[in-house]
Amino acid sequence: MNKQTIITILFALVAIMGQAQTKTATISGYSPALKDGTVAESSIDNVRVASDTIIGGHFTLTVPVEGLTKSYLFLAGEGCPNHLMTIWLQPGADVKVTGKDCLYPLWKVESPLPEQQTLSRIMEYGHDTLAEFLRLNLANAPWDEERPVYMKYLKHTMDVLPSLPVDAASLEELEGVAMMARNYTKDFPYMEQLKELEASTAARAPKGFEEQLALIHSQVYPPHILQVGEEAIDAELIDMQGQKHHLAEVLGQSDRYVLLDFWSLGCGPCRMAEPEMRAAYKQSQGKLEIVGINQDKLSAWQEDNFSKSIAWKNWNDGKMGKADIENSYCDMRAIPYYVLISPERRIIWKGAGYGMGWFMGLLSAINGPKQDNTANLSLTIQQVDADASGTTVSFRYYGHKNLWFRIAKGSYLEADGKKYKLTSANGITPDADIYPQVRATETTEGYLSNLCYTDFTLTFEPFDTIPTSFDFKEGDGEGAFVIRNVSIE
C-alpha cells in the first residue's frame, strides 16, 4: 500500500492575470500586523485581476469592473490564513478594509454598496465561529477538525439570512451553503433548515434573480448524479472558437476510453496534473480521449495561454461550472474532478484531486490485461501467467521517486471464492519500503521529472482451476491495494 498520496481538493483558488477593463473600483487596506512583502490579490471569476505588495501595513488594489461584481481578496504572507474574503464592487466604488491582526476575513469593511453591508451583517453574526475556523486553518488543522466549526458557521449564516434583504450578497451566501450541502448530502446536519430557507428566500426574492434561485434549488435538490457502472449521458459544450459540441461525439467509440477533466485556470492541482495527463495522452495511441471541461468565464479561458496549449479537446460548459454536466457527473463541487468512461459508455471511475502516477497507471491498465485498478490507479497489472505450478503476475507501480510504497506479505489472489497465497516476489521485498526510481517520462525538469515507476512480479499458489478472472488483494487492511476483475487471456 502507498503511505502518502499527493491530493488536493480545491474549492476556490486564484492565480491567473485577467484581461484589463476600463472601469475600476478601489480596495485599500491596512493592518499594523501585516508583514512587509505580503502580497494582496483581487480576483474575479477565478481570475486574478489586481495585486499589490504590502509596505508598512498598507495596500491598494485597482480592480477592473463593469457593473456590480463579486470579487475576492486574498492575502499571501506570514500569519495570513488560506481563505478568501468577499468584496462587492461596482465602478467608482472605494472600499476600505482595516484590522489589527492578519485575520483579514474578519476585518471591518467600509463600503457604499448595500450588498457589502448585507455581507457584513452575516459576517458579524458568525464572527466568533469564523475566527475559530481561521485559527484552525492557520494551525494547519486537518479538515476533520475544521469541518464541524465551518458547519457551525454555515448554521449561523442560515440563522441570520431570513432577517436580511434578498439581494446579490445574501443569495451568494445561500448558494455557498447549498453547495456545501450538496457536497455532504448524506450528513449535512442542517438540511431541513436549508430546505425551508431556500423556499422562503425564493418566495420573497425580487425579480431578476431567477437564474441564481434555480441554481440554488438544484443544489438543495440535486438531480441524479451518475455513479460508477451507469451509462454516460450527453451534454452540450463550447470550444475555444465558440463552436458548440456534444459529449456524444467522443462516447461509445470502439477501444477508446474517455476521461472527463473538470478544471479551472486558477486551480493549482489542475495545472500540476496537466504534464502527466499530456504524457499519458501522447502515449495512448488513440486509446484514450481526454475532454477538458473548463469552469472559468469564457473570455478568460479563451484568451489564456495555458488554455491554448492544451493538446486534447478543450471545451467549456459556458456557465462557469454551474451547468447540468457538473450536476450530472460530479459528486461534489471540487476541482480537479475526473470521470473515466469505458468504450461501452459506462462510468468506471470518478475521483477528485490529483495523485502523481494516476494517469500513467490508468494508461498502463488500458494497455494491459483487462482489469479494474481504479481503487488506486498508481498500481497496474501488465501480464498474467497462470499454469499448474503457480500464477505469476507482473506489476508496475507509478509514483513520486521520494515517496515509498509497500506490498504486504499477506497479499493474495481471490477467484471463485478461494484465496491463493503469495509464495515469492521478484524485484521487491514484501513488507519493505520501495521507492520507484525508473523515470516514467523523458522530462528532466519540473514536477513531472519526479514521476518514476517500479516493475516487479509476484507469484501465487496455483489456481485449482484456471478462472476467467481474479482479484488481487494486498491483504485485508485499510488502504490495501486492490485490483479487481483481472482477466486471464
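These numbers come from a predicted model, not from an experiment.

Draft legend 1. Representation of the overall build of the chain within the structure. Summing up its helical and strand segments, the chain has 11 helices and 23 strands in all. A globule of 489 residues ought to have a C-alpha radius of gyration of about 23 Å, and the chain, at 25 Å, matches this closely. A principal-axis box enclosing the C-alpha atoms of the chain has dimensions of 80 × 45 × 45 Å. Here the chain holds 489 residues, and the buried ones make up 55% of them. At a minimum sequence separation of 6, the contacts of the chain that also span at least 24 residues come to 67%. Carbon and sulfur atoms make up 48% of the accessible area of the chain, which totals about 21800 Å². Of the side chains in the chain, 44 bear a positive and 63 a negative charge, and the two mean positions are spaced by 1 Å.

Draft legend 2. Layout of the side chain of Ser42. Locating Ser42 in the fold gives a position in strand β2 (residues 39-44). Not counting residues within four places of it along the chain, the set of residues in contact with Ser42 comprises Ile27, Val47, Arg48, Val49, Ala50, Leu61, Val63, Ser71 and Tyr72.

Draft legend 3. Focus on the nonpolar core. Core analysis: the biggest nonpolar cluster contains 67 residues, and Phe59, Val63, Leu73, Leu75, Val97, Phe188 and Leu194 have the highest contact counts within it. Broken down by element, this core gets its largest block of residues, eight residues, from helix α4 (residues 168-183). Ranked by size, the runner-up nonpolar core spans 34 residues in total, among them Met277, Phe306, Tyr354 and Tyr453.

What counts, and where the lines are drawn
Residues numbered from 1 in each chain as written. Predicted model: local features only at pLDDT ≥ 70, side-chain atom pairs only at ≥ 80, totals over all residues. Heavy atoms only, no water. Helix = DSSP H or I, 4+ residues; strand = E, 2+ residues; numbered from the N terminus. Rg over C-alpha atoms; globule rule 2.2 N^0.38 Å. Buried < 20%, exposed > 50% of the residue type's maximum accessible area, 1.4 Å probe, protein only. Contact = heavy atoms within 4.5 Å. Areas by Shrake-Rupley, 256 points an atom, 1.4 Å probe, with all protein chains shown as cover. Lys, Arg positive; Asp, Glu negative; His and termini not counted. Charge placed at Lys NZ, Arg CZ, Asp CG, Glu CD. Core = buried A, V, L, I, M, F, W, Y, C linked by side-chain atoms within 4.5 Å.

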